[in-house]
Amino acid sequence: MMRLLLFDIDGTLVRCGPQIGPIFMGALKRTFGQTGNVRAYDFGGRTDTEAVIDLMTEAGLPRDEVEGRLGEVRSHYSHLLERLDPDQMRLLPGVVELLEELAAAEDTCVALLTGNWEIGARAKLEPFGLNRFFDFGAFGEDGVRRNELVPVAVERAARRIGAAPEPSNVVIIGDTVRDIACGDAHGVPVLAVATGFTPDHRLEEAGARWVVPDLRHASVREILLDGHGRARRTP
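Being a predicted model, the structure only gives us computed values, none of them experimental.

S.K.: Explain the overall build of the chain to me, please; I cannot follow it from the model alone.
M.R.: Within the chain, the regular secondary structure consists of ten helices and nine strands. Relative to the 2.2 N^0.38 estimate, which gives 18 Å for 235 residues, the radius of gyration of the chain is 17 Å and therefore close to what a compact globule would have. Dimensions of the chain, computed from the C-alpha atoms along their principal axes, are close to 50 × 35 × 35 Å. Put simply, 65% of the contacts in the chain that link residues at least 6 apart link residues at least 24 apart. As displayed, the chain has an accessible area near 10,300 Å², and 47% of this comes from carbon and sulfur atoms. For the chain, the separation between the mean place of its 27 positive charges and that of its 36 negative charges on side chains is 3 Å.

S.K.: Even after reading the chapter, I still don't get helix α10 (residues 219-226), so can you show me in this structure?
M.R.: Structural remark: α-helix, 3.6 residues per turn; residues separated by three or four positions point the same way. Within α10, the full set of buried residues consists of S219, V220, I223 and L224. The buried side chains of α10 occupy one side of the element, clustering within an arc of 120° when seen end-on. Contacts from the buried residues of α10 go to β1 (3-7), α5 (95-104), β6 (170-174), β7 (190-193) and β8 (210-212).

S.K.: Any chance you could explain the environment of K124 here in plain terms?
M.R.: For K124, the position within the fold is in helix α6 (residues 118-125). Spatially, the C-alpha atom of K124 lies 7.6 Å from that of V14, the residues being 110 residues apart in sequence. Leave out the neighbours within four places in its chain, and K124 touches I9, D10, V14, C16, I20, Y77, L84, M89 and N116. Looking at K124, its side chain comes within polar contact range of the side chain of D10, at 3.0 Å.

S.K.: Looking at this structure, how should I read the pairing of β1?
M.R.: Consecutive residues of a regular strand have side chains that alternate between opposite faces of the sheet. With five of five residues buried, β1 is to be regarded as a mostly interior element. Covered by surrounding structure in β1 are R3, L5 and F7 together with L4 and L6, the residues of both alternating faces. Bridge analysis of β1 against strand β4 (residues 108-113) gives five bridges, and the strand direction is parallel. Its bridge partner lying in β4, L5 is registered against V110. Pairing analysis gives four bridges linking β1 to β6, with the strands arranged parallel. By the bridge assignment, L5 is partnered in β6 with V171.

S.K.: Could you clarify how one ought to interpret the packing of α5 against α10 in this entry?
M.R.: One way to put it is that α5 packs onto α10 with a least axis distance of 11 Å and a crossing angle of 30°. Considering their axes alone, α5 and α10 lie roughly parallel with respect to each other. Both α5 and α10 take part in a crossing whose hand is right-handed. Between α5 and α10, the contacting residues are E97, L98, E101 and L102 on the first element and V220, R221, L224 and L225 on the second. Here the residues of the contact of α5 with α10 are counted per class, giving five nonpolar, no polar and three charged.

S.K.: Would you mind showing me how to read the pattern of salt bridges here?
M.R.: Where side chains of opposite charge bring their charged atoms close, a pairing between them can arise. One pass over the structure, following the stated rule, counts 17 salt bridges. The partner of E65 in a salt bridge is R69, with the nearest N and O atoms 4.0 Å apart. Close ionic contact of R69 with E72 constitutes a salt bridge, the shortest N to O distance being 3.1 Å. Taking relative accessible area as the criterion, R69 reaches 26% and is therefore assigned partly exposed. Through salt bridges with shared partners, one network takes in R46, E50, D54 and R145.

Cut-off values and rules
Residues numbered from 1 in each chain as written. Predicted model: local features only at pLDDT ≥ 70, side-chain atom pairs only at ≥ 80, totals over all residues. Heavy atoms only, no water. Helix = DSSP H or I, 4+ residues; strand = E, 2+ residues; numbered from the N terminus. Rg over C-alpha atoms; globule rule 2.2 N^0.38 Å. Contact = heavy atoms within 4.5 Å. Areas by Shrake-Rupley, 256 points an atom, 1.4 Å probe, with all protein chains shown as cover. Lys, Arg positive; Asp, Glu negative; His and termini not counted. Charge placed at Lys NZ, Arg CZ, Asp CG, Glu CD. Buried < 20%, exposed > 50% of the residue type's maximum accessible area, 1.4 Å probe, protein only. Arc of directions from axis to C-beta. Polar contact = N/O pair within 3.5 Å; in protein donor to acceptor, adjacent residues only side chain to side chain. Pairing = 2+ DSSP bridges. Axes fitted to C-alpha atoms, helices over the stretch in contact; angles between N-to-C directions. Parallel < 35°, antiparallel > 145°, perpendicular 65-115°, else oblique. Left-handed = near helix turned anticlockwise from the far one by under 90°. Nonpolar A, V, L, I, M, F, W, Y, C, P; charged D, E, K, R; others polar. Salt bridge = Lys/Arg side-chain N within 4 Å of Asp/Glu carboxyl O.

Here it is in structure tokens:
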């Protein structure tokens, strides 16, 4: 049975440093003339679409107006991503080695499950040559809440492999409690990696089936390829 492995990006595969915030703020400013209370907003595990709606409605704009201008925000964001500086970015430990092994494995399908709009996702992966591993995925324009992205990813996988994988044959790999909640909502196990801003004990408390310090850990391959491996915190 085919296994579908759904990877988050920020804090899981790469870290972009502090530069994404100003780029996102710039897109909001160009579209709406304001950024809302963006500096206090918790972006972790949220979709870009959700962030725009939250920030702008909290700033007093009607939701239908905000939703009607999402394409404009994405367009500005796309142009501003040209400022993305690879020298401020970091590839997280073990990522390339793991993806190469997964790409070579039989009965394994690797895809993205990210709150990033696709243009942002691709821009963040490109400096490290990671786009070659991900033919498809579910992105921030595919739903408002992260929970809405899992059915999209499964449907797209089904078109490629001929049948939708069962939830037990899907694994989400992420670094936030919202990744874990997303998996719980669909009966999908989550491998949580403590390379983002959420400490391992918090990921464990949130209910991740497995928690590892980073993707180099010896148990990661066993978990992703076979669905086994020691549960909860893995030292």
